[in-house]
Structure formats: C-alpha cells, structure tokens
Amino acid sequence: DWPCKYFHLKGQCNNGQMCKFSHAELNEETEAIVKKVVMMGKMMMMGKMMMMVRRRRRMAKMMMFVVNVCDDRWADEI
Ligand SMILES: [Zn+2]
C-alpha cells in the first residue's frame, strides 16, 4: 500500500481509519516512498521559491539568505 504521508511525517492523519493510504509501520519499501515524497515536496518548495525570486529582486536577496545560497551563478540568472 502507498504510505500516508501525513501519518508518517506528521505523526497524525485527519482521515484516521477512513484513510485510503497505509498507516502501517514503514518497511524498507514504504520508507523509500515516504522519503521520495519528502524530496518531491522540497523540490516543489524550491521551484516556488525560484519563481518568487524571479518575480521580486528584493525577495531574492532574502531567500538567498534564508537558504544560504549565494553563488554567482544564481545572481546572473536573476
Ligand atoms: Zn492517513
């Protein structure tokens, strides 16, 4: 079964027993899936941040500070 990301990442799931995803303990396979989901989430976050960065130069500096990324490649792109 596909693991429930809310249950496994946040420790709770609003759907409870009605949840269509698995609340069973993670095994190697399902743990890999959860990690993949987390990675995808982070990539999407980064994507959103990049879009914001492109839109607002002032935000860009702040974001660079937040994520601690400040290399010239980025500066050129913005
Ligand atoms: Zn759930």
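Residues numbered from 1 in each chain as written. Predicted model: local features only at pLDDT ≥ 70, side-chain atom pairs only at ≥ 80, totals over all residues.

Engineer: How should the overall build of the protein chain be read in this particular structure?
Structural biologist: When helices and strands are counted, the protein chain shows four helices and zero strands. For the protein chain, the sequential pattern of α-helices and β-strands runs α-α-α-α. Each of the 78 residues in the protein chain was classed as buried or not, and the buried ones make up 5%. A sequence separation of at least 24 residues applies to 26% of the contacts in the protein chain between residues at least 6 apart. (Helix = DSSP H or I, 4+ residues; strand = E, 2+ residues; numbered from the N terminus. Buried ≥ 20, exposed ≤ 12 C-beta atoms within 10 Å, placed from the backbone. Contact = placed C-beta atoms within 7 Å.)

Engineer: What is the right way to look at the environment of Asp 1 in this model?
Structural biologist: Here Asp 1 lies in the segment before α1 (5–10). By C-beta crowding, Asp 1 is classed as exposed, having 10 other C-beta atoms within 10 Å. Taking the C-alpha atoms as reference points, Asp 1 and His 23, separated by 22 residues in sequence, lie 9.2 Å from one another. When sequence neighbours within four positions are dropped, the list of residues in contact with Asp 1 reads Phe 21, Ser 22 and Ala 24.

Engineer: Could you clarify how one ought to interpret the confidence of the model for the protein chain in this entry?
Structural biologist: Low pLDDT marks regions whose predicted coordinates should not be analysed in detail. In the predicted model, the protein chain carries a mean pLDDT of 81, and the fraction of residues at 70 or more is 72%. The weakest mean pLDDT in the protein chain belongs to helix α4 (residues 72–77) at 52; the strongest belongs to α1 at 90. (pLDDT = per-residue confidence, 0-100.)

Engineer: I'm lost on the UniProt feature "zinc finger region: C3H1-type" (unreviewed entry) in the protein chain in this one. Help?
Structural biologist: UniProt tags residues 3–26 as "zinc finger region: C3H1-type" (unreviewed entry). The annotated region residues 3–26 carries 25% helix and 0% strand content, and the separation between its end C-alpha atoms amounts to 8 Å. (UniProt positions renumbered as here; feature names shortened; annotations may be inferred.)

Engineer: What exactly am I supposed to notice about helix α2 (residues 28–55) here?
Structural biologist: Note: α-helices contain 3.6 residues per turn, so residues at a spacing of three or four share the same orientation. Taking 1.5 Å as the rise per residue, α2 with 28 residues should run 40 Å; its terminal C-alpha atoms sit 41 Å apart, in good agreement. Where burial is concerned, little of α2 is hidden: zero out of the 28 residues are buried. (Expected span 1.5 Å × (residues − 1).)

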